[in-house]
Number of protein chains: 2
Amino acid sequence: MSSQHAHSHDHDHGGESWDAHATVALARKGTRRSSARDTVVAALAGQECCASAQEIHSRLRSDGSTIGIASVYRTLELLHGMGLVTRIDTGDGVARFEPTHPDGAHHHHLVCTTCGAVEAFQDDALEEAIHRVADRVDFRVDAHDVALRGACRACR
Amino acid sequence: MSSQHAHSHDHDHGGESWDAHATVALARKGTRRSSARDTVVAALAGQECCASAQEIHSRLRSDGSTIGIASVYRTLELLHGMGLVTRIDTGDGVARFEPTHPDGAHHHHLVCTTCGAVEAFQDDALEEAIHRVADRVDFRVDAHDVALRGACRACR
DNA sequence: CGCGGTAATGATAACCATTATCAAGTAAAC
DNA sequence: GTTTACTTGATAATGGTTATCATTACCGCG
């Protein structure tokens, strides 16, 4: 489905890995250590782009974990509340999640309305334009997301 | 809930009204005339910003209509498939809809993550940036949407 | 004008992602 | 080791959306 090349154990985007960043943040928050949470954090760290809770759950189960779906949702909600994961709605009624990189780097998504594939893109001019809008409106903007919908190369 | 000021019967944004535009498009498509569809089209034409299917349904029922919820969903899906309405996902698991204006003018949304309020904004530089991205990627982009999330004036 | 074919309707059941519940398990403090 | 209360996983409940289906109503045709 998604074009994961290698399931790298961590992506070092220059600075510290998200995995370490998240672990530290959780410890600082005072949460108790638990294998379910560790498992979800590891799964997120090893994913190239966004994934749904159910996708994460079934991937973990097929890797031998006995984690329950509720724990996946709980962990994602916790991490999302801490700003460690970004939630993406592609419009198909399923929420998708991906790690928020500590250096602020992020991307947006191209969604194929035919096959449902999701690809990522990154664009500085777009970010710039969004920040200008955020400054201008009477609203405290904490996050933003952009989705471009259409047909991917294969479906076109 | 949302801050609708005036429920104008139609918005003439310079050119023809969306109402007329939609009616013509439906006739051209060869759909049979029906009161349920007319009712939903009228409801959409008279709304300032986006509304959920359930909101539209209960508004119509309280106005005396006997329309069923299924017909609201069906009509919205039909109009969406024809490009006459835009679907917006604010991230709360509820799809919202608003008319797509024939002149191409459109806006994006500010979503308050505290109270759920949705406001609209419009920005030419942002549109420009998005079009440039659309030209650059290996993807046929048909539509786009942007959501800025945070806290509205009241919740801040 | 009435008839027939069939699109459209509205009530309701089914679906499915997500959330809440709760008894059992377990990490950390003492 | 014991206690405390945070976590867990199974499962029930929730709620938006979609599918089903018998009935209704639009519209071309005779």
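Refer to the structure presented above.
Residues numbered from 1 in each chain as written. Chains lettered and ligands numbered in written order. Predicted model: local features only at pLDDT ≥ 70, side-chain atom pairs only at ≥ 80, totals over all residues. Heavy atoms only, no water.

(A) Main features of the protein's contact with DNA strand C. Residues in contact with DNA strand C amount to 21 residues; listed here are only the nearest, Tyr73 and Ala95 of chain A together with Ser34, Arg37 and Arg74 of chain B. Those atoms of DNA strand C that come within 4 Å of the protein belong to sugar or phosphate at a rate of 66%. At a separation of 2.6 Å, a phosphate oxygen of DNA strand C approaches a polar side-chain atom of Arg37 of chain B. Elements represented by at least two residues in the surface near DNA strand C include exactly α4 (69–81) of chain A together with α2 (35–45) and α4 (69–81) of chain B. Of the residues contributing to the surface near DNA strand C, the split by class is seven nonpolar, seven polar and seven charged. (Near = heavy atom within 4 Å. Polar contact = N/O pair within 3.5 Å; in protein donor to acceptor, adjacent residues only side chain to side chain. Helix = DSSP H or I, 4+ residues; strand = E, 2+ residues; numbered from the N terminus. Nonpolar A, V, L, I, M, F, W, Y, C, P; charged D, E, K, R; others polar.)

(B) Region of the structure containing the nonpolar core. Residues Phe121, Leu126 and Leu148 of chain A together with Phe121, Leu126 and Leu148 of chain B are the most contacted members of the largest nonpolar core, which totals 24 residues. Mapped by element, the contributors of at least two residues to this core are β4 (108–112), α5 (124–136) and β6 (139–152) of chain A together with β4 (108–112), α5 (124–136) and β6 (139–152) of chain B. Not counting the four nearest positions on each side in its chain, Leu126 of chain A is found in contact with His108, Phe121 and Val146 of chain A together with Leu126, Ala129 and Ile130 of chain B. One finds Ile67, Val72, Leu79 and Leu84 of chain B within the second-largest nonpolar core, a separate group that totals 22 residues. (Core = buried A, V, L, I, M, F, W, Y, C linked by side-chain atoms within 4.5 Å. Buried < 20%, exposed > 50% of the residue type's maximum accessible area, 1.4 Å probe, protein only. Contact = heavy atoms within 4.5 Å.)

(C) Structural view of the interface of chain B and chain A. With 34 residues of chain B in contact, the opposing surface of chain A contributes 34 residues. Of the roughly 3,000 Å² buried at the junction of chain B and chain A (both faces included), carbon and sulfur atoms supply 55%. The interface formed by chain B and chain A holds eight salt bridges in total. Measuring nitrogen to oxygen at the nearest pair gives 3.0 Å for the salt bridge that ties Asp123 of chain A to Arg136 of chain B. Our enumeration of links across chain B and chain A arrives at 20 residue pairs in polar contact (both at pLDDT 80 or more). Of all the elements in the fold, those that place two or more residues in the side of chain B that touches chain A are β2 (85–89), β4, β5 (118–121), α5 and β6 of chain B. Counting residues per element, the side of chain B that touches chain A draws most heavily on β6 of chain B, which supplies 14 residues. (Buried area = accessible area lost by both parts, 1.4 Å probe. Salt bridge = Lys/Arg side-chain N within 4 Å of Asp/Glu carboxyl O.)

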